[in-house]
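Report on the structure
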Amino acid sequence: MSNKKILEIKDLKVFYESSRSFFTGKNIVKAVNGLNIDINQGETFGLVGESGSGKSTVARAILNLVKSNSGEINLEEENLLKLKGSKLRSKQKQIGAIFQDPYSSLNPRMKIKDIIAEPLRVQGKKDVEEDVKNLLKMVGLDNRMDNRFPHEFSGGQRQRIGIARAISTNPKLIICDEPVSALDVSVQAQILNLLKDLQKKLNISYLFIAHDLSVVKYLSLKIGVMYLGKIVEMADSETIFSNPMHPYTKILINSIPVPDPKIERKKKFIPIKGDIPSASNPPAGCVFRTRCPNPTSDCKDGKSEMGLIEIEPDHWVDKCCVNCK
Ligand SMILES: Nc1ncnc2c1ncn2[C@@H]1O[C@H](COP(=O)(O)OP(=O)(O)OP(=O)(O)O)[C@@H](O)[C@H]1O
Ligand code: SF4
Ligand SMILES: [Mg+2]
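What this report covers is the structure whose coordinates are included nearby. None of these values were measured; they are calculated from a predicted model.

1. Quick notes on the pairing of strand β11 (residues 308–312)
Across 4 bridges, the pairing between β11 and strand β12 (residues 315–318) is antiparallel. Residue Ile309 lies in a different strand from β12, and its bridge partner there is Val317. Connecting β11 to the next strand, β12, in antiparallel fashion are 2 residues, including Asp314 with a positive phi near 60°.

This is the structure we're talking about:
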């Protein structure tokens, strides 16, 4: 690990326009609404939050799969949102991606050797057979399997192929969007270990996205808890678990089952009310107000518009929530 900053996201906003109806016009979905993240070389930043909080939109914005409205996405100090054409393409090549469903992200008609070789060939490399065999070995697959098609592999093996493809071009950063969510628990552990080993060997940085805080904890040095397009709490992984400040973080931690059934039975369960509100009409004041177990009348004012505050070194929490229980 080093202090070299690989990714720096500043005040990123990504809004979708979805038509409400033919007569009423556009609806603006504020999927990412002022997000700040730093990732150093060789480190993992875990982004956690429930469905609809905006995690994949952050991933899509970094990968240039969706247009950002404002802010900065700096990859090694160069703002991707200001680049165009070949300059942007060459910077984007330094970012790899691993997605939740390896089957749908691997072309079913292509042999594994061609799937893994494709990014290398796009970069103009010709003799890639040896590279592909090495990559298969690095992700724990038998390199004699390279003539097979994706359907001949299990879910975990397919995710290994996706990882081989993602690391093939030596990226500085890999965006992992729910890479183990579709896998059995035992296979999840193998894939997480593989990602950890590869990080050590190759000094890659990960943005690791998941809705499960315990999965994120395993890999991440720092964790950001995302709710309705904003990070509401951010700290190193240990602090998030030992001293959570935001009620939403506390609820996420409380929902993780404890392996000891005696402790689990005695645990006081903190329920979360209802569903996440629509990102096109977020609550005024604290965005978590409508689901918070202990809201007060002060929570309706506009303090949450002010962003995060550092309450102790490297521990950031939504300004509106500094005194909340
Ligand atoms: N193409 C789109 N058009 C309009 N709204 C969208 C679009 N894609 C996502 N959204 C909305 O943006 C918000 C954030 O979605 P996003 O997929 O980023 O969330 P997520 O945290 O990744 O959720 P999940 O855990 O279900 O993958 C949601 O309200 C979603 O409905
Ligand atoms: S500011 Fe109020 S509503 Fe928001 S999390 Fe804190 S106590 Fe709950
Ligand atoms: Mg998602």
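2. Remarks on helix α10 (residues 247–254)
Buried within α10 are the following residues: Pro247, Tyr248, Thr249, Ile251 and Leu252. Of the surrounding secondary structure, the elements contacted by the buried residues of α10 are β3 (44–48), α8 (213–219), β9 (222–227), β10 (230–236) and α9 (237–242).

3. Observations concerning the site of ligand 1
Taken together, 14 residues lie near ligand 1, and Tyr16, Ala31, Ser51, Ser56 and Thr57 sit nearest. Sorting elements by how many residues they give to the shell around ligand 1 places helix α1 (residues 55–62) first, with 3 residues. Broken down by class, the residue content of the shell around ligand 1 amounts to 4 nonpolar, 9 polar and 1 charged.

4. Looking at the nonpolar core
In summary, soluble globular proteins display a tendency toward joint burial of nonpolar side chains. By size, the foremost hydrophobic cluster in this structure holds 83 residues, and its most contacted members are Val48, Leu173, Ile174, Ile175, Leu207 and Val225. In terms of residue count, the dominant contributor to this core is strand β2 (residues 25–40) (6 residues). Those residues in contact with Leu207, other than ones at most four positions away along the chain, are Leu7, Ile39, Phe45, Leu47, Leu173, Ile175 and Cys176.

5. Description of unusual backbone geometry
Non-glycine residue Asn64 carries a positive phi angle of around 60°. Here Asn64 is to be found in the loop between α1 and β4 (70–75). Even without glycine at this site, Glu76 takes up a positive phi of about 45°.

6. Regarding the site of ligand 2
Taken together, the residues surrounding ligand 2 are Pro247, Cys286, Phe288, Arg289, Cys292, Asn294, Pro295, Thr296, Cys299, Cys320, Cys321 and Cys324. Here the shell around ligand 2 is built from residues that sort into 9 nonpolar, 2 polar and 1 charged.

Conventions adopted
All residue numbers refer to positions counted from 1 along the written sequence of the respective chain. Chains and ligands are labelled sequentially in the order written, the chains with letters from A and the ligands with numbers from 1. Under the rules for a predicted model, residues below a pLDDT of 70 receive no local features and side-chain atom pairs below 80 are neither given nor counted, while totals for whole chains, interfaces and linings still include all residues. Two strands are counted as paired when DSSP detects at least two bridges linking them. Strands are runs of DSSP state E lasting at least two residues, helices are runs of H or I lasting at least four, and both sets are numbered from the N terminus onward. Buried residues are those with 20 or more other C-beta atoms within 10 Å of their own C-beta, exposed residues have 12 or fewer, and partly exposed residues lie in between; C-beta atoms are placed from the backbone. Note on contacts: residues are paired as contacts if their backbone-placed C-beta atoms lie within 7 Å. Defining nearness, a residue is near a molecule or strand when the C-beta atom obtained from its backbone falls within 6 Å of it. Each residue is assigned to one of three groups, with Ala, Val, Leu, Ile, Met, Phe, Trp, Tyr, Cys and Pro labelled nonpolar, Asp, Glu, Lys and Arg labelled charged, and all others, Gly among them, labelled polar. By definition, a nonpolar core groups buried Ala, Val, Leu, Ile, Met, Phe, Trp, Tyr and Cys residues that connect through C-beta atoms lying within 7 Å of each other.

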